[in-house]
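Spelled out, the chains give:
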Amino acid sequence: MASSNPKVRKGTQRRGALRVTGGLKDLAAAQKYNGSEILGPVQKHVLAKNNQDNSRRQDIIHPSEMSHGDWCPRATYLRIKNLRAGGTYTKESFGFQSLNIFQHGHEVHHKWQSWLWEMGLIWGTWGCRSCGHVWQATSPERCSDCASTHVRYEEIPLSAEHELLIEGSADGGVGSSFLEFKTVGEGTLRFEEPELLKKHTHKTVDGKTLVDYQGLWRGINRPFSSHLKQGQFYLKIAELRGLDVDRVVYIYESKFNQGTKEFVVKRRESLITELLNSAAEIKSALDDAGPIPLCPKGGCKHCEPKASKETASGEENQAARRRGPAVRRSEDPDQPVQRRPVRRGQAPRRASRPVRRPD
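The text that follows walks through the structure, step by step, so that each part is easy to find. (Residues numbered from 1 in each chain as written. Predicted model: local features only at pLDDT ≥ 70, side-chain atom pairs only at ≥ 80, totals over all residues. Heavy atoms only, no water.)

1. Points about the overall build of the chain
Then, in step 1: Check the secondary structure of the chain and you find 13 helices and eleven strands.
Then, in step 2: Carbon and sulfur atoms form 50% of the exposed surface of the chain, whose accessible area is close to 21500 Å². (Helix = DSSP H or I, 4+ residues; strand = E, 2+ residues; numbered from the N terminus. Areas by Shrake-Rupley, 256 points an atom, 1.4 Å probe, with all protein chains shown as cover.)

Written as structure tokens, this is what we have:
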């Protein structure tokens, strides 16, 4: 039936119900700048580069994912189980603005790491761009293998894969401290400390919303909860690996005014005891047929879709065994096409390299 609204043109009502999502949404956003000389081509390049990057391992547990309040152990278990069975992992899709934010964070890391390198203080893992050699040292001037000066800092890979299936990397190390560099903007506060942001957000007489950024920055007097937990995971792995590290130094840099703050936190394993137990449960369920971890919310957006796919995959595998030789998943016309597959073992395993603090 035609729309009763005279302002709706014929044929537009049905099209208005369609929504472009995922990678198509990102591509559509980039198309807006087709006529530009720089912005459009750069956006398309960044989106394509991110789509092709499968370097982040998905068959282990990341401290960064465990540290957030919405972490679901059951979803992580299902993800790893699926990959171990030869399944694929669909990367989360990010738009250009989000990728730009991530890149800014990487650049801030590089800035602080470079300053500490110039001061001869930072230790960790280094890589040579000339010969590919990887080694541990404190602020080297050149490659220990080929003497090239084309050296890059590879941070401090930390692995407790054997014990807890956890793997990550600290941003740096100085003396007996791990370093974590964090950029703080309004989006960070909205996610990490919404009440603090609310406290410094005010309504004007004409109804506009203004944020007191200076007051907001002054109100940050401790590391955020997820950052605290992430650092404690690194200290736990350091203990397992025999590293002489007992604290985390957090450097916060404001996106509002480039202000900086330092927080020093010593080992407080009680902050992550329950999360470590959850990691042990995931490993037990995967390796020893232990009980499957439960969702803390009794079912959430992170684990329910994965559980549905897992059940469907199990039923199809049983049917395939009854039919005879297995059919490759990518050749099954009834299966949805998976975007940007990441197979187990595809990502570099450099983080599992034994690390020691250089003398």
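2. A word on helix H3 (residues 39–52)
Then, in step 1: Here H3 spans 20 Å end to end across 14 residues, near enough to the 20 Å set by a 1.5 Å rise per residue.
Then, in step 2: Within the sequence span of H3, burial applies to Gly40, Gln43, Leu47 and Asn50. One side of H3 carries all its buried residues, which in axial view fall inside an arc of 105°. For H3, exposure combined with an orientation more than 90 degrees from the buried face picks out His45, Lys49 and Gln52. (Expected span 1.5 Å × (residues − 1). Buried < 20%, exposed > 50% of the residue type's maximum accessible area, 1.4 Å probe, protein only. Arc of directions from axis to C-beta.)

3. Re the pairing of strand E11 (residues 260–266)
Then, in step 1: Burial along E11 is one-sided: the face carrying Lys261, Phe263 and Val265 is buried and the face carrying Thr260, Glu262, Val264 and Lys266 is not.
Then, in step 2: Here strand E10 (residues 247–254) runs beside E11; their pairing, made up of seven bridges, is antiparallel. Bridge pairing in E11 links Tyr252 to Lys261. (Pairing = 2+ DSSP bridges.)

4. Topic: the packing of aromatic side chains
Then, in step 1: All chains considered together, the criterion is met by nine aromatic pairs.
Then, in step 2: Centroid distance Phe94 to Phe102: 5.1 Å. Interplanar angle 85°. Geometry classified as edge-to-face.
Then, in step 3: Look at Phe102 and you get partly exposed, because its relative accessible area is 37%.
Then, in step 4: With 4.7 Å between their ring centres and 40° between their planes, Tyr213 and Phe256 make a pair best called tilted. One end of the pair, Tyr213, is in helix H10 (residues 213–218); the other, Phe256, is in the loop between E10 and E11, and 43 residues separate them in sequence.
Then, in step 5: Using a relative accessible area of 33% as the deciding quantity, one classes Tyr213 as partly exposed.
Then, in step 6: Aromatic ring contacts, followed pair by pair, group Trp112, Trp115 and Phe181 into a single cluster.
Then, in step 7: Lys261 extends its terminal NZ or CZ atom over the ring of Trp217, reaching a point 5.0 Å from the ring centre. (Phe/Tyr/Trp six-rings, centres within 6.5 Å; stacked < 30°, edge-to-face > 60°. Lys NZ or Arg CZ within 6 Å of the ring centre and 35° of its normal.)

By themselves, these figures tell us nothing about what the structure is for.
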